[in-house]
Amino acid sequence: MNSRLSIDRTTLLPSIQTFGELSHFLRGSVADEDCRQFSESMGTLATHIEAIVAALRLSRQRASVAPLLMDLLTVLRGHRALVVGLGVAWRGLYEYAAYLQALNNLRVLIGQWLLDGGSHSEMLGLSADDFELVAWRTLGEGMLLIDMYEQLAARAAPEESAVAALEEPRVERAMAWWKKLRL
């Protein structure tokens, strides 16, 4: 399996450790227009997630983090709509359903985090590490979906047909033979 992800020397597995590496991966995902839009939308998600992680590391105050979580819910809604609108080739992949499930789980968790303690609680019961763990899992599912789609697209790319590779006299003989068969 050929992957565009960097290989971790200790595990010999593909790895992305930072949101910057994720952005680099997403910019390289341009198998087609759907893939480009999907990658850009995931990049927007990653930007919002990174801002929330940074805010949670500074403070867990509801007043500062809750608006960011609400913005992420809006971005998630738009991203999910884009994912649901992807073509049959995407929907046929096992990773497609897993990614939709991860998006739904993230949305539900954000709602729970916002509701925990009620609106009168000043602190969110959410740590940066907990949020980052769920966010990376979700983004990882999306990256896997992109990678599998690109591999599928590369395998399905129309290769030059055997007839096109033949010299002209051989093509003429093949066409004559085909006409005889049809009669």
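Residues numbered from 1 in each chain as written. Predicted model: local features only at pLDDT ≥ 70, side-chain atom pairs only at ≥ 80, totals over all residues. Heavy atoms only, no water.

S.K.: Hey, could you run me through the pattern of salt bridges in this one?
M.R.: Oppositely charged side chains may form a pair once their charged atoms are brought near each other. Considering all chains together, one arrives at 5 salt bridges under this definition. Two residues, Arg57 and Asp129, come together in a salt bridge whose shortest N-O distance is 3.2 Å. Here Arg57, found in helix H2 (residues 33–58), pairs with Asp129, found in helix H6 (residues 128–156); they are 72 residues apart in sequence, far enough to count as distant. Accessibility expressed as a relative area gives 48% for Arg57, which makes it partly exposed. Through salt bridges with shared partners, a single network forms among Glu33, Arg36 and Glu40. (Salt bridge = Lys/Arg side-chain N within 4 Å of Asp/Glu carboxyl O. Helix = DSSP H or I, 4+ residues; strand = E, 2+ residues; numbered from the N terminus. Buried < 20%, exposed > 50% of the residue type's maximum accessible area, 1.4 Å probe, protein only.)

S.K.: For this particular structure, what's the right way to read the nonpolar core?
M.R.: Considering soluble globular proteins, one finds that nonpolar side chains tend to be buried as a cluster. Counting residues in hydrophobic clusters, the biggest one holds 40 residues, and the most contacted among them are Phe38, Leu69, Ile110 and Phe131. The set of elements that each furnish at least two residues to this core consists of H2, helix H3 (62–84), helix H5 (94–115) and H6. Element by element, the count of residues in this core is highest for H2, at 10 residues. Apart from the residues within four sequence positions on either side, Phe131 is in contact with Ile49, Ile52, Val53, Leu56, Leu69, Leu72, Trp113 and Leu126. (Core = buried A, V, L, I, M, F, W, Y, C linked by side-chain atoms within 4.5 Å. Contact = heavy atoms within 4.5 Å.)

S.K.: Honestly, the side chain of Glu141 in this entry has me stumped. Any pointers?
M.R.: Here Glu141 is to be found in helix H6. When sequence neighbours within four positions are dropped, the list of residues in contact with Glu141 reads Ala98, Tyr99 and Ala102.

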